[in-house]
Amino acid sequence: MGMTNLFNKSLTIDEIKKAPVEDLFSSLSTGKTGINSQEAKNLIEKYGYNEIEEKKINPLRKLLGYFYGPIPFMIEIAAIISAIISHWEDFWIIISLLLINGAVAFFQEHKADNAINLLKQKLAIRSRVLRDGKWVELASKYLVPGDVIRMRLGDIIPADAKLFDGEYLLADESALTGESLPVEKHVADMAYSGSIVQKGEMSALVVSTGMNTFFGKTAKLVEEARTKSHFQKALIKIGDYLIALAVGLVVLVFLVAMFRHESLLETLQFALVLMIASIPAALPAVLSVTMAVGATILAKKQALVSKLTAIEEMAGVDILCADKTGTLTKNDLSVAELVVFDKFTDSDLLMFATLASRIEDADHIDNAILTSAKASDILEKSKSYKQISFKPFDPVIKRVEATIEDNSGAKFMVSKGAPQSILALVLNKNGISPKVEENVRRLASKGYRSLGVARTNLQGVWEFVGIISLHDPPREDSKDTIKTAKTLGIDIKMITGDHIDIAKEIARELDLGTNIQDASQIIDKTDEEIQSVVERADGFAQVFPEHKYKIVGALQAKGHIVGMTGDGVNDAPALKKADVGIAVFGATDVAKSAAHIVLTQPGISVIIDAIQESRRIFQRMNNYAIYRISETIRVLFFLVSSIIAFSFYPITPLMIVLLAILNDVPIMTIAYDNVKISSSPERWNMRKILGIATGLGLIGVVSTFVLLYIGMNVFDLKTGPLQSLIYLKLSVAGHMLFFVARTRGHFWTVKPALKLFLAIVTTQMIATIITAQGILVPAIGWHDALFVWGYALIWFLITDFAKGPIYRLLEHNGLNRVNNK
């Protein structure tokens with residue numbers, strides 16, 4: 001076993017396991033009051049942060065990685081062939097462009113990696129720690145051996161720790177041991193970093209952190225499974241389509257060259273660079289940069305993306321199942337009304353509820369009760385009692401329980417929780433049940449939650465003390481945000497564990513629709529019946545976590561893309577099953593780890609902001625797909641047709657490389673482009689993308705052939721200048737084509753982002769100077785260069801006006817197909 005430093009002692013894990021807790025505390029100068037901030041700082045300097053070290057890639061090795069793979073390999077082969085056939089100028093230019101392209105890709109992806117690392121820091125687990133004698137919440141990386149921490153339901157245990165206070169913990173250690181059944185832990189047991197608290201609540205002494213923990217020693221054996229989203233799969237399909245098209249046309253060029261007995265080496269060089277121009281080399285960089293930039297923007301809107309693939313899925317969400325508490329309401333509970341039973345008074349009710357609460361847990365219900373108790377001096381009076389034991393809230397039995405000792409040494413028990421759970425404890429439940437249910441319904445009709453309170457008498461028999469009603473008002477922005485969601489084609493269904501009358505009242509206040517169903521409506525029914533109930537309902541009340549899972553499955557079975565919010569440990573399965581699992585503000589560590597998106601601000605408005613931003617990202621990638629396909633069709637079809645029809649190579653291999661790199665580099669700034677978001681959920685429509693891209697591409701082919709005719713027969717240009725003329729047209733018109741492809745309407749309907757516009761203008765000015773002045777390519781002069789700009793601009797306007805009819809034709813045909821089906 002490795003050594004674990006606990007201040008001035010070096011003990012093995014086995015020694016710590018066997019050592020009595022008091023002996024461990026006696027070795028610390030601070031005892032059970034928690035260490036102070038200065039000692040913690042010294043220990044971090046000595047032992048490092050409490051985090052698992054990730055394998056870091058050497059930046060130089062990462063940079064070199066951009067010169068491996070299919071695209072760089074083909075460019076390198078083209079350079080070698082240039083050397084073999086003694087085209088040294090082409091050789092050095094191609095090598096220089098390869099280096100520039102690699103450096104730009106490295107820089108862009110490095111920025112994307114930095115954005116993702118920043119998100120990881122914001123998603124870091126936090127822990128309740130006793131520092132300087134006070135309970136505070138800290139990022140778990142700052143834990144040190146000797147810290148006293150508090151762990152409760154839903155927490156991911158942040159370090160190896162020795163349990164010393166509390167009744168029990170039920171810990172899921174499957175991530176460490178592979179054992180599916182949770183392990184019960186008691187005082188003096190070890191709790192291991194990475195385990196999940198499924199039940200119970202205890203305090204513990206941290207004994208190992210970071211790489212010294214049991215999880216740290218085995219972390220190197222674990223690899224994260226990576227799955228591709230629909231988004232990535234669609235873009236890969238586009239890439240495969242373009243590659244297949246290029247290969248087919250290149251084979252055709254080879255066959256023609258062999259038939260004409262042309263130089264196979266020169267044909268091979270041309271074929272390679274033709275492949276380079278056709279394959280979307282910038283696609284991986286565009287995808288990663290766009291996703292990372294989008295994730296950074298979402299982070300500013302208080303939505304942290306833990307899985308980048310969720311960005312695409314969120315753009316397609318058409319149903320959002322939203323928690324009532326904390327999402328639609330403020331989660332700012334206050335005591336509204338007290339209802340007492342039998343001999344008990346309001347003071348008794350509030351006192352027993354206070355004794356069944358813990359200030360260090362920072363629980364919302366406990367805080368509301370303690371605030372009310374403090375206002376009436378009951379909190380001060382409660383200090384004369386001693387809490388002997390405490391059973392935290394259990395979501396299965398829906399109550400908490402504590403054993404109390406008074407001044408005389410007499411002991412009794414108190415419990416608070418769901419009224420029906422508390423009612424089940426008392427002997428006279430049949431007699432008082434109607435009164436309890438009547439008051440719960442009455443309070444629920446006002447939008448109040450009910451909390452039952454009971455205590456044991458001298459004989460140890462439970463007595464129902466009364467009901468505390470809690471008010472959680474709707475958030476001020478919820479009503480307007482729900483209206484916005486409806487205009488975006490999103491149906492919001494309210495999900496709550498509260499009474500159905502509370503749910504209906506809140507739904508009425510928020511204009512959500514009052515067809516609220518009890519969760520019992522989706523039990524013991526066929527799948528078809530459940531799907532029908534779930535799709536029609538405006539929301540569900542008295543919901544347990546397992547019901548959420550059923551609701552998500554039923555909606556997905558009906559073809560919906562579902563977003564689900566959650567905060568508890570038992571919400572994790574539903575969050576994972578949902579297309580987009582959203583851990584709301586204040587969620588447990590387990591819920592956060594299961595979710596795709598973690599909210600750092602309460603309310604539903606942040607979710608709608610995230611959906612809108614996701615649709616922007618989707619639209620940018622959709623625009624890129626249309627542009628990339630149409631650009632490939634435009635260049636490939638023109639070049640191959642020219643070679644076959646006229647035995648003429650309209651541009652040189654060097655020009656193709658220049659075209660590929662100068663046109664791809666600025667397109668990376670598409671991540672910052674302005675777009676008009678859709679008023680309905682987004683879906684990939686490959687038929688429409690291919691249709692519009694083909695139409696725009698073929699117009700480009702026609703325009704280039706017309707210019708070729710003008711260059712040959714009107715300007716009477718020789719081969720070199722003619723090739724430069726065609727190159728400049730392909731370059732300038734290529735980026736003008738992007739301005740056409742990026743909008744559904746006319747190009748002026750959405751202003752491009754300044755960063756994108758300047759990047760495109762800069763690269764095209766470079767291309768113009770190169771051809772006008774004869775740098776690297778034969779000169780054509782400024783007169784012909786300006787003519788090309790004017791010619792490209794005219795065809796740009798023609799293409800833009802032709803785009804509308806193409807879209808309408810595709811949509812008309814698509815509608816006819818649907819009607820025929």
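Predicted model, so just to flag it, every value in this text is computed and none were measured.

Undergrad: What should I look at first to understand the pairing of strand β17 (residues 462-471) in this one?
TA: Of all ten residues in β17, nine are buried; the element is thus mostly enclosed. When strand β12 (residues 334-340) meets β17, the two strands line up antiparallel, connected through six bridges. Paired with V339 across the bridge in β17 is I467. Of the pairings in the sheet, the one linking strand β16 (residues 448-456) to β17 comprises nine bridges and is antiparallel in character. Bridge assignment links L451 to a residue of β17, and that residue is I468. In this antiparallel pair of consecutive strands, β16 and β17, the connection spans five residues, and G460 shows a positive phi of 80°.

Undergrad: Help me understand the confidence of the model for the protein, please; the structure alone is not making it clear to me.
TA: Predicted coordinates in regions of low pLDDT should not be interpreted in detail. Here the protein averages 80 in pLDDT, and 79% of its residues register 70 or above. Here strand β1 (residues 3-6) stands out as the least confident element of the protein, with mean pLDDT 46; strand β15 (residues 411-417) is the most confident, with 94. Here residues 1-5 is modelled with pLDDT under 50, and outside its nearest four sequence neighbours on either side it reaches 22 contacts, counting other chains as well. Low confidence marks residues 52-58, where pLDDT is under 50. Its contacts with residues over four positions away, or in another chain, come to nine contacts.

Undergrad: Can you walk me through the packing of helix α27 (residues 686-714) against helix α28 (residues 719-741) in this structure?
TA: Helix-helix packing is characterised by the crossing angle of the two axes and by the distance between the axes. For the pair α27 and α28, interaxial distance at closest approach is 10 Å and the crossing angle is 155°. Regarding the angle of α27 to α28, the classification is roughly antiparallel. You can see that α27 and α28 cross each other, and the crossing is right-handed. Across from L696, G700, S703, T704, L707, L708, G711 and M712 in α27, the residues of α28 making contact are L722, L725, I726, K729, L730, L737, V740 and A741.

Undergrad: Hey, could you run me through the pattern of salt bridges in this one?
TA: Two side chains carrying opposite charge are able to pair once their charged atoms lie near each other. Under the counting rule described, the total for this entry stands at 28 salt bridges. Between R150 and D165 there is a salt bridge, with the nearest N and O atoms lying 3.9 Å from each other. Placement of the pair is R150 in strand β5 (residues 148-152) and D165 in strand β6 (residues 160-172), with a sequence separation of 15 residues. Note that D498 is salt-bridged to R449, the shortest N-O span being 3.2 Å.

Undergrad: Just to check I follow, could you spell out unusual backbone geometry for this structure?
TA: Only a minority of non-glycine residues have a phi that is not negative, and only a minority of peptide bonds are not trans. The phi angle at D511 is positive, at roughly 60°, despite the residue not being glycine. Overall, D511 belongs to the partly exposed group, its relative accessible area being 42%. One non-glycine residue, D716, lies in the positive phi region at around 55°. Residue position: D716 is located in the loop between α27 and α28.

Rules of the game
Residues numbered from 1 in each chain as written. Predicted model: local features only at pLDDT ≥ 70, side-chain atom pairs only at ≥ 80, totals over all residues. Heavy atoms only, no water. Buried < 20%, exposed > 50% of the residue type's maximum accessible area, 1.4 Å probe, protein only. Helix = DSSP H or I, 4+ residues; strand = E, 2+ residues; numbered from the N terminus. Pairing = 2+ DSSP bridges. pLDDT = per-residue confidence, 0-100. Contact = heavy atoms within 4.5 Å. Axes fitted to C-alpha atoms, helices over the stretch in contact; angles between N-to-C directions. Parallel < 35°, antiparallel > 145°, perpendicular 65-115°, else oblique. Left-handed = near helix turned anticlockwise from the far one by under 90°. Salt bridge = Lys/Arg side-chain N within 4 Å of Asp/Glu carboxyl O.

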